Structures are given as C-alpha cells and as structure tokens.
Amino acid sequence: MRIGQGFDIHRLEEGRPLILGGIKIPSPKGVVGHSDGDALFHAVTDALLGAVSKGDIGQLFPDTDPKNKNQNSELFLKRALQFVQEAGFKIANVDTTVILQAPKLAEFIPPMRRKLAVLLGLQESQVSIKAKTHEKLDSLGRQEGVAVHAVVLLM
C-alpha cells in the first residue's frame, strides 16, 4: 500500500471562471492559473504522483511550457493515473478538502465526486470531497484564493 498527499492553491480574481473538480461553478471570482487552474484536480494529481514517487505537477506540466497554457486539468489527472497503473497499483480511495470562503459548494460536490470517480475509474463511494470555509481568516478567508488538500491510498 502507498499513501500520497497533495496540495494546491490558486489566487482568485474577478471575471475569471471558477473550475473545481471539472465543474464550472458560478462565481464572480475565478482561478488565476496557467492551465484551467482546477485546484481540486491539481491536488489529487499531486497526491497520485507522490504516492508513486513521480514528482509533482509542476515538474511534469510546468507553467513555463506553452502547451500547458489553458490546458484542461483532466489531462494532468489522467497522466498521473497512468503512472499509478504502470507502477502496478490501484486507487483504494481519494479524500479531499476544498477551502473556499465563497461561494458555498454543497450543491456542486455531488457532480464533482461523480466526475472525479469516472476519471479515476472509481466508485463514488471511493471519492470524498469536503468543503470548508476559512472562517474569514487570512487570504483564503478574504476570498483571495482557493486551496485544496488531497490524500490517496493505493493498493
């Protein structure tokens, strides 16, 4: 068995799209990123890569590479899954926490879970997405960013 831990954080800016877990979420502020900035997919990608000792998303998909500009983060996640499979592992479960002051994510969690489960070839019961605010503390609490923690267990 292997455990992988991932983290991602992005600034939020007025007029940009907010994409989390492959779902576009209505919000006046969205993510600033080189790719589509999907912090949920980025954190899970890093957790998978870490579990099989393949580095991190910045090493494999650097923001200095023009082909990654505006890239759909599903590509990064699928490549990380290939590394897991090539190493002879299967994902037992994925557990994530999204930290975002606003908007509230409760209604978007079910479609995000479904999307992540489908992309990783898992049952929805193997995917957890929790949403937390930052209680109006620091930059996340002031709605200046979104952060995601992810943990994966491989068998």
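This text goes with the structure placed above it.
A brief look at the structure comes next.

A short note on unusual backbone geometry
Phase 1: Ala 102 connects to Pro 103 through a cis peptide bond whose omega is 5 degrees.
Phase 2: Within the element layout of this structure, Pro 103 appears in the loop between β5 (91–99) and α4 (109–120).
Phase 3: Its identity is not glycine, yet Ser 53 carries a phi of approximately 55 degrees, on the positive side.
Phase 4: Mapping Ser 53 onto the fold places it in the loop between α1 (39–51) and α2 (57–60).
Phase 5: For Ser 53, a relative accessible area of 61% corresponds to the exposed category.

A word on the sheet that holds strand β4 (residues 29–31)
Phase 1: One open sheet holds the 5 strands; their spatial order is β4-β1-β7-β5-β6, and the pairing between them is mixed. Taken across any chain shown, the strands that pair with only one partner, and hence form the sheet edges, are β4 and β6 (127–132). Across the sheet, the mean angle from the axis of one strand to that of its neighbour is 20 degrees, orientation sign disregarded.
Phase 2: As paired strands, strand β1 (residues 2–14) and β4 are joined by 3 bridges and run antiparallel to one another. Paired with Glu 13 across the strands is Gly 30, a residue of β4.
Phase 3: Contacts between α1 and the sheet are confined to β1, β5, β6 and β7 (145–154), with β1 contributing the most and set at about 155 degrees to the helix.

Describing the side chain of His 10
Phase 1: Summarising the element assignment, His 10 is placed in strand β1.
Phase 2: Judged by relative accessible area, His 10 falls into the buried class, the value being 13%.
Phase 3: A polar side-chain atom of His 10 sits 3.3 Å from a polar atom in the side chain of His 42.
Phase 4: When sequence neighbours within four positions are dropped, the list of residues in contact with His 10 reads Val 31, Val 32, Gly 33, Gly 37, Ala 39, His 42, Glu 144, Gly 145 and Val 146.

What counts and what doesn't
- Residues numbered from 1 in each chain as written.
- Predicted model: local features only at pLDDT ≥ 70, side-chain atom pairs only at ≥ 80, totals over all residues.
- Heavy atoms only, no water.
- Helix = DSSP H or I, 4+ residues; strand = E, 2+ residues; numbered from the N terminus.
- Buried < 20%, exposed > 50% of the residue type's maximum accessible area, 1.4 Å probe, protein only.
- Pairing = 2+ DSSP bridges.
- Axes fitted to C-alpha atoms, helices over the stretch in contact; angles between N-to-C directions.
- Contact = heavy atoms within 4.5 Å.
- Polar contact = N/O pair within 3.5 Å; in protein donor to acceptor, adjacent residues only side chain to side chain.

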